[in-house]
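# An overview of the molecular structure
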Amino acid sequence: MNMIPVKVVVFGKGEAGKSTLIQGLIPDAMNIERGGRTVAMDYGFVSFEGWTFHLWGTPGQARFEPVREVLVQGIDVAVFVIDSSRYFDEEDKRLLEEVERQGVPYLLFVNHKPDGQKERRSTERLMEGFPKPSRIVEGSAKNPATVSQFVSALKEMARSLAPDSSM
C-alpha cells in the first residue's frame, strides 16, 4: 500500500512544548538542541491508516525565522502550539501571522504544562481577530491521551486535503 505523505510544520514560541509534542508522538524524533532548547528543528515521521505524517518542529526564537522559511516549503498542515500558562503576546501573534501566510489548514494545540497555571482567558478569546483553526486540541503534550487526540485531529485534517476523501 502506498502511504500518502503529509508535511506538518509545528510553530510556536520558545518553550511552548513543540518538541515535547513531537516526541510524545514519535519518541525517537530528531531534535537539534543546545542547552535544552531547540536551535534548529525537530523531525520525525509516523504512519497511520495509509498516511505518513512528517512532522517538522520549528525553533520558536525570532532569530531562527530563516530556518522556518525553509521548513515551510511544501507544507500541507500547520500546528500552532501555545503554552496555556503564558499570556498570548506579540510574539505569539507574529508567529500566528506566519502560520496564516502559509495558506494551509492549521491545528491549535493548547499545551497545559504540568505545574503550570492555566491562562484565565479562554482559548477563543486568545484567538480573537485571527482565523479560526481547523481543529483545537487542549491538554498536556506529555499525556498519551492528548497525543492520541492530536493524531486523530491530524488524520481528520489529512482526509480533508485528499482529492479522494474516502481514505
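Shown above is the structure to which this text applies.
Figured I'd write up the structure that's included with this text.

Reading the values: the criteria
Position labels on residues start from 1 in each chain and follow its written sequence. Confidence filtering applies because this is a predicted model: local features only for residues at pLDDT of at least 70, side-chain atom pairs given and counted only at 80 or more, and all residues used for totals across whole chains, interfaces and linings. Side-chain descriptors were evaluated using all non-hydrogen atoms of the structure, hydrogens and water having been removed beforehand. Each helix is a run of H or I in the DSSP string that is no shorter than four residues. Each strand is a run of E no shorter than two, and both are numbered from the N terminus. To sort residues, take the accessible area from a 1.4 Å probe on protein chains only and compare it with the maximum for the residue type: under 20% means buried, over 50% means exposed, and anything in between is partly exposed. By the convention used here, residues are in contact when the closest approach between their heavy atoms is within 4.5 Å. For every accessible area listed, the method is Shrake-Rupley and the probe measures 1.4 Å; residues are considered covered only by the protein chains on display. Each helix should span, by expectation, one fewer than its residue count multiplied by 1.5 Å. Polar contacts, as counted here, are pairs of nitrogen or oxygen atoms within 3.5 Å of one another; within protein the pair requires one atom able to donate a hydrogen and one able to accept it, and residues that are adjacent in sequence qualify only if both atoms are side-chain atoms. Any Lys or Arg side-chain nitrogen located within 4 Å of an Asp or Glu carboxyl oxygen qualifies as a salt bridge. For this analysis, a nonpolar core means a set of buried residues of the types Ala, Val, Leu, Ile, Met, Phe, Trp, Tyr and Cys, connected via side-chain atoms within 4.5 Å.

## Topic: the overall build of the chain
Helix and strand counts for the chain stand at five helices and seven strands. Residues counted as buried form 49% of the 167 residues belonging to the chain. Sequence-distant contacts in the chain: of pairs separated by 6 or more residues, those separated by 24 or more amount to 70%. For the chain, the exposed area adds up to about 8500 Å²; of that, 50% sits on carbon and sulfur atoms.

## Observations concerning helix H5 (residues 144–161)
In a regular helix each residue adds 1.5 Å, so 18 residues correspond to 26 Å; H5 covers 26 Å between its end C-alpha atoms and thus fits that length. Within the span of H5, buried status applies to Thr146, Val147, Phe150, Val151, Ala153, Leu154, Lys155, Met157 and Ala158. The distance from a side-chain oxygen at the start of H5 to the backbone nitrogen of Ala145 is 2.7 Å, and the residue carrying that oxygen is Asn143.

## Some remarks on the pattern of salt bridges
Under the criterion given, the structure shown has eight salt bridges. The shortest N-O distance in the salt bridge between Glu49 and Lys155 comes to 3.0 Å. Separated by 106 residues along the polypeptide, Glu49 in the loop between strand E3 (37–48) and strand E4 (51–57) and Lys155 in helix H5 bring together distant segments of the chain. The class for Lys155 is buried, based on a relative accessible area of 12%. Of the charged contacts, one joins Lys93 and Glu90 as a salt bridge, the two residues approaching to 3.5 Å between their closest N and O atoms. Note that Lys93 and Glu90 are positioned in helix H3 (residues 90–101) at a spacing of three residues, about one turn of the helix. Taking relative accessible area as the criterion, Glu90 reaches 59% and is therefore assigned exposed.

## Observations regarding the nonpolar core
Generally speaking, a soluble globular protein has its nonpolar side chains buried in company with each other. By size, the foremost hydrophobic cluster in this structure holds 28 residues, and its most contacted members are Phe53, Leu55, Val79, Phe109 and Phe150. Residue assignment for this core shows that the elements contributing at least two residues are strand E1 (4–11), helix H1 (18–25), E4, strand E5 (77–83), strand E6 (106–111) and H5. Ranked by size, the runner-up nonpolar core spans 17 residues in total, among them Val9, Phe80, Ile82 and Leu95.

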